[in-house]
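Chain and residue survey
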Amino acid sequence: MSNTVMIGVDHGYAATKTTHFSFSTGLVGYEHEPYTRKDVLELDGRYYVVGTGRQPLQKDKTVTEDYYLLTLAAIAKELEHRQAGPTAAVHLAAGLPLTSFGRDKKKFREYLLRDGKPVSFHYEWAAYTVTIEAVSLFPQGYAAVLTQTELLDEPSVIVADIGGWTVDLMRLDGRIPNAATCRSLELGMIRCLDEIAEQIRRSLGLSMTAAQIESVLCGEANSVDNNAKAIIHREAGAYTRRLLSAIAESGLDVWAMPTIFLGGGAALMKRHVSATDGLCQPLILDDVCLNAKGYERLVGQLSRVSGDG
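Not measured: the values here are computed from a predicted model.

So, how was this worked out
- Residues numbered from 1 in each chain as written.
- Predicted model: local features only at pLDDT ≥ 70, side-chain atom pairs only at ≥ 80, totals over all residues.
- Heavy atoms only, no water.
- Axes fitted to C-alpha atoms, helices over the stretch in contact; angles between N-to-C directions.
- Helix = DSSP H or I, 4+ residues; strand = E, 2+ residues; numbered from the N terminus.
- Parallel < 35°, antiparallel > 145°, perpendicular 65-115°, else oblique.
- Contact = heavy atoms within 4.5 Å.
- Nonpolar A, V, L, I, M, F, W, Y, C, P; charged D, E, K, R; others polar.
- Pairing = 2+ DSSP bridges.
- Core = buried A, V, L, I, M, F, W, Y, C linked by side-chain atoms within 4.5 Å.
- Buried < 20%, exposed > 50% of the residue type's maximum accessible area, 1.4 Å probe, protein only.
- 1 Å grid on protein atoms, 1.4 Å probe; cavity = no way out; pocket = protein on both sides within 12 Å on 5 of 7 lines; lining within 4 Å.
- Points joined across faces, edges and corners; volume = space filled by probe spheres on them.
- Left-handed = near helix turned anticlockwise from the far one by under 90°.
- Phe/Tyr/Trp six-rings, centres within 6.5 Å; stacked < 30°, edge-to-face > 60°.
- Lys NZ or Arg CZ within 6 Å of the ring centre and 35° of its normal.
- Expected span 1.5 Å × (residues − 1).

For the pair helix α5 (residues 210-217) and helix α6 (residues 226-249), interaxial distance at closest approach is 10 Å and the crossing angle is 75 degrees. Of the possible angle classes, the one that applies to α5 and α6 is roughly perpendicular. Contacts between α5 and α6 involve I213, V216 and L217 from the first element and K229, I232, H233 and A236 from the second. Classifying every residue of the contact of α5 with α6 by side-chain character gives five nonpolar, one polar and one charged.

Put into structure tokens, the structure is as follows:
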């Protein structure tokens, strides 16, 4: 597959990420040409506006076509960014939570591969023909952590991948995941944002969007009411403390061993974890594309080993 384009895709509940892009998992279908050309996918005569809002929770991502359509959009974005041309063979690298990896691996690979047949579609009115020739799957979170060398020589390290709906936990002992420690907590950023929005409604009678709340958490949105900002930061701090307690209750002591926080919620941890929390050694990786980058790197490493062997 010397002419194959390697593309890593992180299929999150709240956002789909590649090495260069992150966009909401929202997907709105239209029978006819929609109001915009931006982020429009057209497949089999039907149109989809990609990145509008977020998906309803799908614990099994193969039950609808939504995540396949998001994958096509992700591929189109990467092909255009890399100037790889509209006709391409693709080696797709993706991930699954370690807690369900063995159970869902075969089904998710078949869902993405589609028997390796070419698919023709339009994205933002540009025509593409893509053949997904291979799909490599890895445990999410673990792939990203392998890019970090400074903590991997520790005897034991906690990994907390804070996604949209879940926080996936594992402990690495000597760089190897300890399967008995893997947990998936339904305490992701969607829960945090929804709780903040509810508290603002109760206290101020305002209905703020998730985008507004996220912008405040990132230090932006100067037009937002100062009382609302105070509630947002107060509740974000409460969420952080609740998450640390939940991790400890899962049997992983963030005060006793180094912890790597990553995923969409890592930036929140950076702003709301302080020295007074007494964490052993937090390493906060707030690059939301890190899983996708890790998937691509792992495929490259495996290909080199295979070639050498």
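Turning our eyes to something else, we now look at the sheet that holds strand β2 (residues 10-11). Spatial strand order, β2-β3-β4: three strands in an open sheet with antiparallel pairing. Edge positions in the open sheet fall to β2 and β4 (22-24), since each of these has one partner strand only. Direction of pairing for β2 relative to strand β3 (residues 15-17): antiparallel, over a ladder of two bridges. Its bridge partner being in β3, H11 is matched across the sheet by T16.

All right, on to the nonpolar core then. Counting 39 residues, the largest nonpolar core has F121 and V130 as its most contacted members. Among the secondary structure elements, those contributing two or more residues to this core are β1 (5-8), β6 (40-43), β7 (46-50), α1 (66-82), β8 (87-96), α2 (101-113), β9 (118-123) and β10 (126-139). It is α1 that provides the largest number of residues to this core, a total of 10 residues. With residues up to four places along the chain from it excluded, the contact list for F121 reads L41, E42, L43, L72, A76, A126, A127, Y128 and V130. Counting 37 residues, the second-largest nonpolar core is a separate cluster that includes L185, M189, L193 and L279.

This part covers the layout of surface pockets. Within this model, the largest pocket holds a volume of roughly 1,200 Å³. Lining the largest pocket are 50 residues; nearest its centre among them are A14, A15, K17, G163 and G164. Counting residues per element, the ones that place at least two in the lining of the largest pocket are β2, β3, β4, α2, β11 (156-162), α4 (189-204), α5 and α7 (266-272). Partitioned by chemical class, the residues of the lining of the largest pocket number 19 nonpolar, 16 polar and 15 charged.

On a regular strand, each side chain points to the face opposite its neighbour's, so the side chains alternate between the two faces of the sheet. Within β8, nine of the 10 residues are buried, which leaves the element mostly enclosed by the surrounding structure. Across four bridges, β1 lies against β8 in parallel orientation. Residue pairing for β8: G8 is matched across the bridge by A93. As judged from the 10 bridges shared by β8 and β10, these two strands associate in the parallel manner. Note that in β10 the partner of A93 across the bridge is S136.

Turning to the packing of α4 against α6, a few remarks are in order. Where α4 meets α6, the axes come as close as 9 Å, and the angle between the chain directions of the two elements is 140 degrees. One finds that α4 runs oblique with respect to α6. α6 is crossed by α4, and the crossing has right-handed handedness. Here M189, C192, E195, I196, Q199, I200, S203 and L204 of α4 come into contact with α6, specifically with N227, A228, I231, I232, R234, E235, A236 and Y239. By residue class, the composition of the contact of α4 with α6 is 10 nonpolar, three polar and three charged.

This structure, assessed with the given rule, holds six aromatic pairs. Ring geometry for F121 versus Y128: centroids 5.5 Å apart, planes at 15 degrees, classification stacked. Here F121 matches Y128 in class, with each residue buried. The structure contains a cluster of three or more aromatic residues connected by ring pairs, namely Y68, F108 and Y111. In this structure, K61 is placed above the aromatic ring of Y13, and the distance from its NZ or CZ to the ring centre is 4.6 Å. The positively charged end of K77 is found above the aromatic ring belonging to F21, 5.5 Å away from the centroid.

Turning to α1, a few remarks are in order. Along its 17 residues, α1 runs 24 Å from first to last C-alpha, staying within 8% of the 24 Å computed at 1.5 Å per residue. Of all 17 residues in α1, 13 are buried, a share of seventy percent or more. The first or second residue beyond α1 is Q83, which carries a positive phi of 55 degrees.

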